[in-house]
Amino acid sequence: MTEEKLYLYPRWIRLWHALNALFCLLLIASGISMQFSNPKVPLIRFDIAVSIHNIFGILLSVSYLFFFIGNLFTWNGKQYKIIFQGFYTRLMMQFKYYTRGIFKGENPPFSITKESKFNPLQQFSYVLIMYIIVPFVVISGFGLLYPDMIPTNLLGISGLHLTDLFHIVGGFIISLFMFVHIYFCTIGKTPVSNFKGMINGYHEAH
Ligand code: HEM
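First, a word on scope: everything that follows refers to the structure included in this document. (Residues numbered from 1 in each chain as written. Predicted model: local features only at pLDDT ≥ 70, side-chain atom pairs only at ≥ 80, totals over all residues. Heavy atoms only, no water.)

1. Focus: a nonpolar patch on the surface
We apply this condition: Exposure above 30% relative accessible area and the absence of a salt bridge qualify a residue for a patch, where like charges join within 9 Å and nonpolar side chains (Val, Leu, Ile, Met, Phe, Trp, Tyr) within 5 Å. Accessibility throughout is a Shrake-Rupley quantity obtained with a 1.4 Å probe, and a residue counts as covered only by protein chains that appear here. One side-chain nitrogen of Lys or Arg within 4 Å of one carboxyl oxygen of Asp or Glu is enough to make a salt bridge. Counting from the N terminus, the helices are DSSP H or I runs at least four residues long and the strands are E runs at least two residues long. Relative accessible area decides the class of each residue, using a 1.4 Å probe on protein chains only: under 20% of the type maximum gives buried, over 50% gives exposed, and in between gives partly exposed.
Among the surface-exposed residues, Leu-65, Phe-68, Ile-69, Leu-72 and Phe-73 lie close enough to one another that they form a single nonpolar patch of about 540 Å² accessible area. For Ile-69, the position within the fold is in helix 2 (residues 46-73). A relative accessible area of 43% places Ile-69 in the partly exposed class.

Below is the structure:
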């Protein structure tokens, strides 16, 4: 047991994260409202939901660019570089900890350090979301905003419908990720330690 506090979340990543979480919540609420729009019981009035979705979709894209460039030029980006050798075994060790070890009071299999702040499951899910799913949703979103850019026919299917489908599935994955992400963030020294860390920058070790 150690009382060590590690400075893991620089100010720029905390700023990006807060904006990104806010934009995602607004995009999910306006997206769901548009998807299930019913003029008799609108969650958010349709035209307002469209405007919210367009504005915050563009803002999210700008904040994503900030994250991408920030990670390209700072130490934080190294945290997202997966070392593939033995990665599956490390993933399974973390998985076993979350499904069994944690309930037996065992210590986590990987300690958090400045050089490696994510456990293998965190690293895998963050890379998947930030480098595959979010760009996918951003690009398909721009396609829907400027439909002239989309080919009218892709392998016999309407390009617009296909882009829409990709966008919705991607959005759904991000929504699911957010629930799971917040749940896993409660697993820290105390249930609120990781949330405090994203506010003050310091991770509290177990
Ligand atoms: C209200 C919503 C959210 C809350 C409360 C939240 C909470 C947190 C907390 C406490 C951490 C630090 C613990 C850790 O490293 O795992 C974190 C990190 C992170 N979150 Fe979230 N999150 C939210 C939404 C999101 C969304 C929507 C995304 C992506 C689409 C996201 C992506 C990330 C990433 C990539 C990190 C690691 C950042 C880094 O240090 O490089 N989060 N989040």
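There's more to say after this.
2. Points about the nonpolar core
Keep this limit in mind: For the purposes of this section, nonpolar cores are sets of buried Ala, Val, Leu, Ile, Met, Phe, Trp, Tyr and Cys residues that join through side-chain atoms within 4.5 Å. Throughout, a residue-residue contact means that at least one pair of heavy atoms, one from each residue, lies within 4.5 Å.
In this structure, Leu-60, Phe-67, Met-130 and Val-134 are the most contacted members of the largest nonpolar core, which totals 28 residues. Elements that contribute at least two residues to this core include exactly helix 1 (11-35), helix 2, helix 3 (87-99), helix 4 (120-145) and helix 5 (159-185). Among the elements that take part in this core, helix 4 stands out by supplying 8 residues, more than any other. Those residues in contact with Val-134 that sit more than four places away from it in its chain are Leu-60, Tyr-64, Ile-129 and Ile-174.

3. With respect to the packing of helix 1 against helix 5
This is how it is decided: Each axis is a line fitted through C-alpha atoms, and for a helix only the stretch in contact is used; angles between axes span 0 to 180 degrees, taken between their N-to-C directions. Relative orientations are named as follows: roughly parallel for angles under 35 degrees, roughly antiparallel for angles over 145 degrees, roughly perpendicular for angles from 65 to 115 degrees, and oblique for any other angle. Crossing handedness follows the turn of the near helix against the far one: under a right angle anticlockwise gives a left-handed crossing, and clockwise gives a right-handed one. Classification convention: Asp, Glu, Lys, Arg as charged; Ala, Val, Leu, Ile, Met, Phe, Trp, Tyr, Cys, Pro as nonpolar; all other residues, Gly among them, as polar.
Here helix 1 crosses helix 5 at 125°, and the two axes come no closer than 11 Å. Classified by the angle between their axes, helix 1 and helix 5 sit oblique to one another. In terms of crossing hand, the pair formed by helix 1 and helix 5 is left-handed. Touching His-17, Ala-21, Cys-24, Leu-25, Ile-28 and Gln-35 of helix 1 are Ile-168, Ile-174, Ser-175, Met-178 and His-181, all from helix 5. Here the residues of the contact of helix 1 with helix 5 sort into 7 nonpolar, 4 polar and no charged.

4. Here we look at the site of the ligand
The following threshold applies: It suffices for a single heavy atom of a residue to lie within 4 Å of a molecule or strand for the residue to be listed as near it. Any pair of nitrogen or oxygen atoms within 3.5 Å is treated as a polar contact; in protein, a donor-acceptor pairing is required on top of that, and neighbouring residues in sequence qualify only through side-chain atoms on both sides.
Taken together, 23 residues sit near the ligand, with His-17, Tyr-80, Lys-117, Tyr-126 and His-181 positioned nearest. Here an oxygen atom of the ligand sits 2.4 Å away from a polar atom, N or O, in the side chain of Tyr-126. By residue number, the principal contributor to the shell around the ligand is helix 1, which donates 6 residues. Counted by class, the shell around the ligand contains 16 nonpolar, 6 polar and 1 charged residues.

5. Some thoughts on the coordination of the iron atom of the ligand
Defined as follows: Coordination here is defined by N, O and S atoms within 2.8 Å of the metal (3.2 Å for Na, K and Ca), and since water is not considered, a site can look incomplete. Between 85 and 135 degrees for all angles marks four donors as tetrahedral; over 155 degrees for opposite donors together with 65 to 115 for all other angles marks four donors as square planar and six as octahedral; every other arrangement is irregular.
Those protein atoms acting as donors to the iron atom of the ligand are His-17 (NE2) and His-181 (NE2), and they sit at 2.0 Å. Coordination at the iron atom of the ligand is octahedral: its 6 donor atoms span angles of 85 to 179° at the metal. Here His-17, found in helix 1, pairs with His-181, found in helix 5; they are 164 residues apart in sequence, far enough to count as distant. Given the relative accessible area of 23%, His-17 is considered partly exposed.

6. A few points about the packing of aromatic side chains
Aromatic ring pairs are described here by two measures, namely the spacing of the ring centres and the angle between the planes. For clarity, the threshold we go by: What counts as a ring pair is set by centres within 6.5 Å for rings of Phe, Tyr and Trp (its six-membered ring), and what kind of pair is set by the plane angle: stacked under 30 degrees, edge-to-face over 60, tilted for all other angles. For a lysine, the NZ atom is tested; for an arginine, the CZ atom; a charge sits over a ring if that atom is within 6 Å of the ring centre and within 35 degrees of the ring normal.
Evaluation of the coordinates by the stated rule reveals 17 aromatic pairs. Both rings, one in Tyr-97 and one in Tyr-98, keep their centres 5.8 Å apart while their planes meet at 45°; by these two values the pair is tilted. Exposure remark for Tyr-97: the relative accessible area of 8% places this residue in the buried category. Grouping aromatic residues by their ring pairs yields a cluster made of Trp-16, Tyr-64, Phe-67, Phe-68, Tyr-80, Phe-118, Tyr-126, Tyr-131 and Phe-177. The ring of Trp-75 has Lys-114 lying over it, and the distance from NZ or CZ to the ring centre is 4.7 Å.

7. Overview of the side chain of Asn-71
You can see Asn-71 is positioned in helix 2. Reaching out from Asn-71, the side chain makes a polar contact with the side chain of Tyr-131 at a distance of 3.1 Å. Those residues in contact with Asn-71 that sit more than four places away from it in its chain are Trp-12, Ile-13, Asn-76, Gly-77, Tyr-80 and Tyr-131.

8. Concerning the pattern of salt bridges
According to the stated counting rule, one finds 1 salt bridge in the structure shown. Across the pair Asp-47 and Arg-45 runs a salt bridge, and its minimum N-O distance is 2.8 Å.

9. Topic: the environment of Asn-107
Relative to the helices and strands, Asn-107 is located in the loop between helix 3 and helix 4. A relative accessible area of 63% means that Asn-107 is categorised as exposed. Sequence spacing of Asn-107 and Leu-165 is 58 residues, and the spatial spacing of their C-alpha atoms is 42 Å.

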